[in-house]
Amino acid sequence: MNIQPLGDRVVIKALEAEDKTKGGIILPDTAKEKPQEGKVVAVGKGKITDKGIQPLEVKVGDKVLYAKYSGTEITTKEGDELLIVREEDILAIIK
Amino acid sequence: MNIQPLGDRVVIKALEAEDKTKGGIILPDTAKEKPQEGKVVAVGKGKITDKGIQPLEVKVGDKVLYAKYSGTEITTKEGDELLIVREEDILAIIK
Amino acid sequence: MNIQPLGDRVVIKALEAEDKTKGGIILPDTAKEKPQEGKVVAVGKGKITDKGIQPLEVKVGDKVLYAKYSGTEITTKEGDELLIVREEDILAIIK
Amino acid sequence: MNIQPLGDRVVIKALEAEDKTKGGIILPDTAKEKPQEGKVVAVGKGKITDKGIQPLEVKVGDKVLYAKYSGTEITTKEGDELLIVREEDILAIIK
Amino acid sequence: MNIQPLGDRVVIKALEAEDKTKGGIILPDTAKEKPQEGKVVAVGKGKITDKGIQPLEVKVGDKVLYAKYSGTEITTKEGDELLIVREEDILAIIK
Amino acid sequence: MNIQPLGDRVVIKALEAEDKTKGGIILPDTAKEKPQEGKVVAVGKGKITDKGIQPLEVKVGDKVLYAKYSGTEITTKEGDELLIVREEDILAIIK
Amino acid sequence: MNIQPLGDRVVIKALEAEDKTKGGIILPDTAKEKPQEGKVVAVGKGKITDKGIQPLEVKVGDKVLYAKYSGTEITTKEGDELLIVREEDILAIIK
């Protein structure tokens, strides 16, 4: 199955705990806003501005840190749990 | 009957349960914001920006994932139940 | 009597029940936002944007679907009940 | 006395009941937002946009329909009761 | 003492009751928003827009009608009571 | 120590009571919004607009009138009490 | 580990108390909005405007004063406690 997010939206697959250890970000339980690590699986064409369409900064395959409670969760037929967020809700790319 | 939505609006026909199985998206009951699958049956000319009219990304025939409780429901004389939403409320195209 | 709406406003004459049957849209009573059918009798010059004035999409004679509780009702001396709405409140043109 | 409204403001003299009969608009008492008829006696230079100053659509002498409870009432030394509104609050020109 | 207001701000000296009679505006006590007459004593360079700085319409010496409860009151060492308002809060120039 | 405020921010040193007498502004206790006099000690590069960066109107050394309760107070190692405000919160330059 | 913040975001490492003494800013306990000193460790590509991408003013290595309770805290595998904020929340660069 293939999902093409619209506009400035991005599809993310959350990284599991073991992956989280690899990624190296430990999130404090007391943080006001809890970010989470994930992998980008699809990106929209970009955000519409008065200069035209501004392409997104993230690309498929990027490991990203995003705001945990943002976006919309979906489960594909193959059983993948994915999240559709706006790029605005992605804080950083982890290299 | 022919409906031409205005601006950045899109007319969608919700996909039935059997179609939903085909599309392959299973939606968790606990999701904060429940998206739904549907088929685009008509699209507006685009969104007015300061660069002029920005054409929509979706086109007639696209299978889309949209925010379930958005938009306005109408029932045509032929008995079709349709939904008029803004493209903003469409999350992704499913291929 | 002649009414020239300003800016992006449109003057609409609501279609009666018999016309509504002809138009073919049956509106569910439970809809959150009830649209209604009407006929455009006058249109403004357009919406002011930073690109200049953007002409409206609807034109006199169009049968339109609009948000029922929007706009301002007036009754002309001839007894016509009209509605002045912004084009923003018109959902679609019915052909 | 001479009043030059600023920006997109317009000075209106409300039409009396007898004039209202002439104008031909009968306003329902139950309308959510009650418009009223008046005559334009002065107009501002226009609205400031990023394209420069956009001149107003209404001009001195126009009979207009405006939102009744908008704007600021003043009484001139000559006893004229006037209303200063933004052009935004004027719904239509009556011809 | 010399005050140079910033941006789209204007310094106004309220006109006394006797001046108000001369100016000719009698303000009803029941007005929802009470405007007042005053004289412009200093003006800012203009409002910053995307076209650059848009000079103000009012100039020093203009008699103006402004929203009474807007702005910030100051008293100079010479005992002058002045008001600093945005040009937005000035309704009209009285000629 | 050297502070470079960002964007449209300005660093102000409040003028003491004796300076205030010199400056000549006496502020009424009953004013809704109490402005205060101060001296500009550092200015940002300007406000980002769609025309690029718009330089600030105030410059180092200007005596200004600003909204008293705006901004962020800091105390430097040398014991100076400073205030970081946006230029927006500065009402006027006193000459 | 390498973090690339998105857009106008900046990654900051808070300066410890001993560093704070060196930096020279003493923050009053009674301040309404408490700023804090930190060091910039990564910066985003810039803010998207209608003129294109506006690069950030701060750069890696800058000592900055920022709004204490803004942003999102993260802890890296190496044990570094970092903060991701928007440049908007940075008040000034300390030189």
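Residues numbered from 1 in each chain as written. Chains lettered and ligands numbered in written order. Predicted model: local features only at pLDDT ≥ 70, side-chain atom pairs only at ≥ 80, totals over all residues. Heavy atoms only, no water.

Q: Report on the overall build of chain A, specifying residues and quantitative values.
A: The secondary structure content of chain A amounts to one helix and 10 strands. In sequence order, chain A lays out its α and β elements as β-β-α-β-β-β-β-β-β-β-β. Burial status across chain A gives 51% buried among its 95 residues. A sequence separation of at least 24 residues applies to 66% of the contacts in chain A between residues at least 6 apart. When the accessible area of chain A is evaluated, it comes to approximately 4600 Å², of which 49% is carbon and sulfur surface. (Helix = DSSP H or I, 4+ residues; strand = E, 2+ residues; numbered from the N terminus. Buried < 20%, exposed > 50% of the residue type's maximum accessible area, 1.4 Å probe, protein only. Contact = heavy atoms within 4.5 Å. Areas by Shrake-Rupley, 256 points an atom, 1.4 Å probe, with all protein chains shown as cover.)

Q: An account of the side chain of Gln-54 of chain B is requested, with residue identities and associated values reported.
A: In this structure, Gln-54 of chain B sits in strand 6 (residues 52–54). Every residue in contact with Gln-54 of chain B, bar those within four places of it in the chain, is listed here: Ile-48 and Ile-53 of chain A together with Lys-45, Gly-46, Lys-47 and Thr-49 of chain B.

Q: Could you give an account of the pattern of salt bridges, with specific residues and numbers?
A: Counting across every chain of the model gives 21 salt bridges over all chains. Notably, a salt bridge pairs Arg-86 of chain D with Glu-88 of chain E, separated by 2.5 Å at the nearest N-O pair. Linking Arg-86 of chain D in strand 9 (residues 81–86) with Glu-88 of chain E in the loop between strand 9 (81–86) and strand 10 (90–94), this pair reaches from one chain into another. Judged by its relative accessible area of 42%, Glu-88 of chain E falls in the partly exposed class. The salt bridge partner of Lys-59 of chain E is Asp-62 of chain E, with a shortest N-O separation of 3.4 Å. Among the residues examined, Asp-62 of chain E registers a relative accessible area of 10% and is labelled buried. When salt bridges with common partners are traced through the structure, they connect Asp-8 and Arg-86 of chain A together with Glu-88 of chain B into a single cluster. (Salt bridge = Lys/Arg side-chain N within 4 Å of Asp/Glu carboxyl O.)

Q: Tell me what's going on with the pairing of strand 2 (residues 9–14) of chain B, and back it up with residues and numbers.
A: Sheet faces and side chains relate simply in a regular strand, where the side chains alternate between the two faces. Residues and elements named next belong to chain B. Across four bridges, the pairing between strand 2 and strand 9 (residues 81–86) is antiparallel. Pairing of Arg-9 across the sheet is with Arg-86, part of strand 9. Both strand 2 and strand 4 (residues 35–43) contribute to a ladder of five bridges, which runs antiparallel. Residue pairing in the sheet places Ala-14 in a bridge with Gly-38 of strand 4. (Pairing = 2+ DSSP bridges.)

Q: Go over a negative patch on the surface with me, naming the residues and quoting the values.
A: Residue and element names in this part refer to chain A. Among the surface-exposed residues, Glu-16, Glu-73, Glu-78, Asp-80 and Glu-81 lie close enough to one another that they form a single negatively charged patch. Relative to the helices and strands, Glu-16 is located in the loop between strand 2 (9–14) and helix 1 (17–23). On the basis of relative accessible area, Glu-16 is assigned to the partly exposed category, the value being 45%. (Patch = residues over 30% accessible without salt bridge, like charges linked within 9 Å, V, L, I, M, F, W, Y side chains within 5 Å. Lys, Arg positive; Asp, Glu negative; His and termini not counted. Charge placed at Lys NZ, Arg CZ, Asp CG, Glu CD.)

Q: If you had to explain the pairing of strand 8 (residues 72–76) of chain E to someone new, which residues and values would you point to?
A: Residues and elements named next belong to chain E. Burial analysis of strand 8 places four of its five residues in the buried class, the great majority of the element. For strand 8 and strand 9, the ladder comprises four bridges, and the chain directions are antiparallel. Considered in strand 9, the bridge of Glu-73 is made with Leu-83. The antiparallel hairpin formed by strand 8 and strand 9 contains four residues in its connecting segment, where Gly-79 sits at a positive phi of about 95°.

Q: Let's hear about a positive patch on the surface: which residues, and what values?
A: Together, Lys-51 of chain A, Lys-51 of chain B, Lys-51 of chain C, Lys-51 of chain D, Lys-51 of chain E, Lys-51 of chain F together with Lys-51 of chain G line one region of the surface with positive charge. Within the fold, Lys-51 of chain C resides in the loop between strand 5 (47–49) and strand 6 (52–54).

Q: How would you summarise the confidence of the model for chain A if you had to cite specific residues and measurements?
A: For chain A, per-residue confidence averages 83 on the pLDDT scale, and residues scoring 70 or more make up 80% of the total. In the model output, the complex is listed with pTM 0.81 alongside ipTM 0.80. (pLDDT = per-residue confidence, 0-100.)

Q: Quick one: what's the story with the environment of Glu-81 of chain C, residue by residue and with numbers?
A: Residues and elements named next belong to chain C. Mapping Glu-81 onto the fold places it in strand 9 (residues 81–86). Separated by 69 residues in the primary sequence, Glu-81 and Ile-12 have C-alpha atoms spaced 9.0 Å apart. When near neighbours in sequence (up to four residues on either side) are disregarded, Glu-81 contacts Lys-13, Ile-74 and Thr-75.

Q: So what's going on with the environment of Val-58 of chain D? Residues and values would help.
A: Residues and elements named next belong to chain D. Mapped onto the secondary structure, Val-58 falls in the loop between strand 6 (52–54) and strand 7 (63–67). Owing to a relative accessible area of 3%, Val-58 belongs among the buried residues under this scheme. The spatial distance from the C-alpha of Val-58 to the C-alpha of Ile-74 is 20 Å, given a sequence separation of 16 residues.

Q: Explain the environment of Lys-63 of chain F residue by residue, including any values.
A: Among the structural elements, Lys-63 of chain F can be located in strand 7 (residues 63–67). You can call Lys-63 of chain F partly exposed: its relative accessible area is 28%.

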